[in-house]
Amino acid sequence: MEILLVIDMQEKYMNSYDSDLINRVNLRIREAKENAMPVVARLRV
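What comes next is a walk through the structure.

Rules behind the numbers
- Residues numbered from 1 in each chain as written.
- Predicted model: local features only at pLDDT ≥ 70, side-chain atom pairs only at ≥ 80, totals over all residues.
- Heavy atoms only, no water.
- Pairing = 2+ DSSP bridges.
- Helix = DSSP H or I, 4+ residues; strand = E, 2+ residues; numbered from the N terminus.
- Buried < 20%, exposed > 50% of the residue type's maximum accessible area, 1.4 Å probe, protein only.
- Right-handed = clockwise from strand over helix to strand, strands pointing away.
- Salt bridge = Lys/Arg side-chain N within 4 Å of Asp/Glu carboxyl O.

### A short note on the pairing of strand β1 (residues 3-8)
Thought 1: For β1 and strand β2 (residues 39-44), the ladder comprises six bridges, and the chain directions are parallel. In the sheet register, Ile7 faces β2, and the bridge partner there is Leu43.

This is the structure:
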C-alpha cells in the first residue's frame, strides 16, 4: 500500500487554510514512513 498525498493550494483560498495544515501533513508523512509505506506527493500551487 502507498499513500498518495495531493495538496492543491489556491491563492484565493489562502486565508481559509488551517494554520496547522503543514504540521498535520508532515505528521501523516512521518507516520507513513514509520510504517514503511511509500508516500507519493504532488503539490500544486
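### Some words on the pairing of β2
Thought 1: Buried residues are scarce in β2, accounting for zero of its six residues.
Thought 2: The β-α-β motif built from β1, the intervening helix α1 (residues 21-34) and the parallel element β2 has right-handed crossover chirality.

### Some words on the pattern of salt bridges
Thought 1: Scanning all chains against the criterion turns up two salt bridges.
Thought 2: Here Arg24 makes a salt bridge to Asp18, at a shortest N to O gap of 3.1 Å.
Thought 3: Owing to a relative accessible area of 41%, Arg24 belongs among the partly exposed residues under this scheme.
Thought 4: Of the charged contacts in the structure, one is a salt bridge between Arg28 and Glu31, with a shortest N-O distance of 3.1 Å. Of the two residues, Arg28 and Glu31 are both situated in helix α1; the distance of three residues between them amounts to about one turn of the helix.
Thought 5: Of the residues examined, Arg28 reaches a relative accessible area of 52% and is grouped as exposed.

Geometric descriptors of this kind do not, in isolation, establish any biological role.
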